[in-house]
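Working through the structure, step by step
Here's the letter readout for the chains.
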Amino acid sequence: MSAIKKYTGSCLCGGIRYEINGEIGPIIQCHCQRCRKANGTAYASNAPINVRDFKITQGEQLLKQYPSTPTTIRCFCSECASPIISIKADTPETYRLRIGTLDSPLEHGPTQHIYVASKAEWETITDDLPQYAERP
């Protein structure tokens, strides 16, 4: 029987700290316009995690929510604006973790690029990962 994995993470200012006691799913690079705007970057690096495995250990009062679409809520630190997770209405048992907030090392890297049909015109994808115009 394998041991349960434990990961920790935090926002930029350190006001929010969290832990994950379980697996972190495949890392997906999302190039949609909403992710670009929410992260201020060419794409967002997200991975699914089980809601029951995620626990905020410090600063829960700093975690704010923004409904960016009727089906997506983005959660971020109200002090430093670091994006932490998003919640999708169609998968209530899963959060989408913003991988850049992890403090623990991961054993795996990105697996694919999605929404490349709407990627930033100045971004060039140079790796050999699968690319999808939308979500496969």
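For the structure given in this document, a descriptive report is provided here. (Residues numbered from 1 in each chain as written. Predicted model: local features only at pLDDT ≥ 70, side-chain atom pairs only at ≥ 80, totals over all residues. Heavy atoms only, no water.)

**Observations regarding the pattern of salt bridges**
Tallied over the full model, the rule gives two salt bridges. In this structure, K5 and E107 form a salt bridge, with 3.1 Å as the shortest nitrogen-oxygen distance. Here K5 is found in the segment before β1 (6-10), whereas its partner E107 is found in the loop between β9 (94-98) and β10 (110-114), with 102 residues between them in sequence. Assessed through its relative accessible area of 59%, E107 is described here as exposed. Across the salt bridge formed by E19 and K6, the nearest N and O atoms sit 3.4 Å from each other. Placement of E19 in strand β2 (residues 17-21) and of K6 in strand β1 is noted, with a sequence separation of 13 residues between them. (Salt bridge = Lys/Arg side-chain N within 4 Å of Asp/Glu carboxyl O. Helix = DSSP H or I, 4+ residues; strand = E, 2+ residues; numbered from the N terminus. Buried < 20%, exposed > 50% of the residue type's maximum accessible area, 1.4 Å probe, protein only.)

**Observations concerning the sheet that holds β9**
The strand order β6-β7-β8-β9-β4-β3-β10 describes an open sheet built from seven strands, whose pairing is mixed. Both edges of this open sheet fall to β6 (63-69) and β10, since each of them pairs with a single strand only. Within this sheet the neighbouring strands show an average axis-to-axis angle of 30°, counted without direction. Note that β6 and strand β7 (residues 72-77) share six bridges and pair antiparallel. Looking across to β7, one finds that Y66 is bridged to R74. (Pairing = 2+ DSSP bridges. Axes fitted to C-alpha atoms, helices over the stretch in contact; angles between N-to-C directions.)

**Comments concerning unusual backbone geometry**
A positive phi angle is found at A81, which is not glycine, with a value near 70°. Inspection of the secondary structure puts A81 in the loop between β7 and β8 (83-88). The exposure class assigned to A81 is partly exposed, which follows from its relative accessible area of 48%. For Y115, which is not glycine, the phi torsion reads 55° and is therefore positive. For Y115, the position within the fold is in the segment after β10. Of the residues examined, Y115 reaches a relative accessible area of 26% and is grouped as partly exposed.

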